[in-house]
Amino acid sequence: SLWPFFFASMALMVVLGIQRLHFALASEWFPERKGEAIGILYAFGYLATAVFAVVDGSIYQWLGIWATCITSAILIAIGTMVFLRIDTDRIDRNEANVETISVSKMKMLGFESKWVKWCLLGALLVAIPRGAVVLTSPRYIEIRGFDISMTSLFESWAIITLVLLYAFTGWVCDRFGAEKVLLASALGYGVLWSLFSIGLSPWLAVAIYLIPIVPLLLVSNDALLSRFSTLEERNRGLGMAGAAAYVGQAIGIGLIVILMTLLEGPEISDIDVYHLAYRANIPLFALAVGV
């Protein structure tokens, strides 16, 4: 029934949080190529997700739900065996010139570098208008005149471009500096989606939706966090970055739902409700860029 399924889904999302540890591990194994390693991990993760989403959907259609569950269980078992073979001693932490962190600095927000907190704040602030505008934009595009099959095609194309850019972004961060990439991508993201929020023609809105800037934001921010955090702090820092992004998106979605509910009425069209609610997020994009 619905409620057991709901709580099982919550438990699944909780354990999926382990994926953030992969990025910390990659930054340890490739200290001189942190950005490239993190970017390739992002790209492979999205590609694998897309492939198995198609495969599992076909298995479900042909063989039913239990075949899908068995397939998932087998994949989880394979992943667990791979994790057990990871050489945890590959990095000699005693010879890494990492200072021992005192107990007082092992608090949730205690980091050696002050810039870790700024990276976390930036991730949170970008995620709020992202949740409000970007994650609700497919429905907005449908209201502007595109049917759901077309928006699904747009979504597929966006994922393909994300995979390609993720694989390339890390190299760019290592070559030109993650802080430059982060600032440039924040500016581009804020400007483009602020224009989207004003209310452009349908095809211009779709064009902005298809421009892949998120990989630049995520990879550069994770690369900076890896640079500013010690080995002992890195798992915690990258995990908190993922948490900040999800919390920010949840806040943004909550705010947009409340705002649109307040704006709805017989005297205002659905498109105008979207435009007014979206425009309220433009200052949030500016704030994130400023941070």
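Residues numbered from 1 in each chain as written. Predicted model: local features only at pLDDT ≥ 70, side-chain atom pairs only at ≥ 80, totals over all residues. Heavy atoms only, no water.

Here's the deal with the overall build of the protein chain
Scanning the protein chain for helices and strands turns up 13 helices and 0 strands. Secondary structure elements of the protein chain occur, N-terminal to C-terminal, as α-α-α-α-α-α-α-α-α-α-α-α-α. A compact globule built from 291 residues would reach a C-alpha radius of gyration of about 19 Å, and the protein chain, at 21 Å, matches this within 12%. By principal-axis analysis of the C-alpha atoms, the protein chain measures approximately 70 × 50 × 35 Å. Out of the 291 residues belonging to the protein chain, those deemed buried represent 37%. Residue pairs at least 24 apart in sequence account for 80% of intrachain contacts in the protein chain once pairs closer than 6 positions are excluded. Working note: accessible area of the protein chain is about 17000 Å², and carbon and sulfur atoms make up 71% of it. Side-chain charges in the protein chain split into 19 positive and 22 negative, and the spacing between the mean points of these groups amounts to 5 Å. (Helix = DSSP H or I, 4+ residues; strand = E, 2+ residues; numbered from the N terminus. Rg over C-alpha atoms; globule rule 2.2 N^0.38 Å. Buried < 20%, exposed > 50% of the residue type's maximum accessible area, 1.4 Å probe, protein only. Contact = heavy atoms within 4.5 Å. Areas by Shrake-Rupley, 256 points an atom, 1.4 Å probe, with all protein chains shown as cover. Lys, Arg positive; Asp, Glu negative; His and termini not counted. Charge placed at Lys NZ, Arg CZ, Asp CG, Glu CD.)

So, the side chain of N221
Mapped onto the secondary structure, N221 falls in helix α10 (residues 214-228). Those residues within four positions of N221 in sequence are excluded, and the remaining contacts are C119, A123 and L182.

Notes on the packing of aromatic side chains
Scanning the model with the defined rule gives 14 aromatic pairs in all. Seen in terms of ring centroids, Y140 and Y274 are 5.5 Å apart; in terms of plane orientation they differ by 50 degrees. Their pairing is tilted. Of the two residues, Y140 sits in helix α6 (residues 137-143) while Y274 sits in helix α12 (residues 270-279), which places them 134 residues apart along the sequence. A relative accessible area of 0% means that Y140 is categorised as buried. Taking the relative accessible area as the measure of exposure, Y274 reaches 8% and is therefore buried. Judged by centre distance (4.9 Å) and plane angle (90 degrees), the ring pair of F146 and W203 falls under edge-to-face. Separated by 57 residues along the polypeptide, F146 in the loop between α6 and α7 (148-176) and W203 in helix α9 (residues 202-210) bring together distant segments of the chain. (Phe/Tyr/Trp six-rings, centres within 6.5 Å; stacked < 30°, edge-to-face > 60°.)

Digging into the nonpolar core
Formed by 53 residues in total, the largest nonpolar core has its most connected members in Y189, W193 and F196. Residue contributions to this core peak at 8 residues, all from helix α5 (residues 115-134). Excluding residues that lie within four positions of it along the chain, W193 makes contacts with V133, V134, S137, I208, Y209 and F285. (Core = buried A, V, L, I, M, F, W, Y, C linked by side-chain atoms within 4.5 Å.)

A few points about the packing of α5 against helix α13 (residues 282-290)
α13 packs onto α5 with a crossing angle of 155 degrees between their chain directions and a minimal axis gap of 8 Å. When the axes of α5 and α13 are compared, the pair comes out roughly antiparallel. Remark: the crossing between α5 and α13 carries left-handed chirality. Between α5 and α13, the contacting residues are L125, V126, I128, P129, R130 and V133 on the first element and L284, F285, L287 and A288 on the second. In terms of residue class, the contact of α5 with α13 is built from 9 nonpolar, no polar and 1 charged. (Axes fitted to C-alpha atoms, helices over the stretch in contact; angles between N-to-C directions. Parallel < 35°, antiparallel > 145°, perpendicular 65-115°, else oblique. Left-handed = near helix turned anticlockwise from the far one by under 90°. Nonpolar A, V, L, I, M, F, W, Y, C, P; charged D, E, K, R; others polar.)

Focus: the side chain of S226
Summarising the element assignment, S226 is placed in helix α10. In this structure S226 comes out as buried when scored by relative accessible area, which is 0%. Aside from chain neighbours lying at most four places away, what touches S226 is S27, K34, I38, R234 and L238.

With respect to the pattern of salt bridges
One side chain can pair with another of opposite charge once the charged atoms of both are near each other. Within this structure, the stated rule accounts for 3 salt bridges. Taking the shortest distance from any N to any O, the salt bridge between E179 and R227 comes out at 3.1 Å. Placement of the pair is E179 in helix α8 (residues 178-199) and R227 in helix α10, with a sequence separation of 48 residues. (Salt bridge = Lys/Arg side-chain N within 4 Å of Asp/Glu carboxyl O.)

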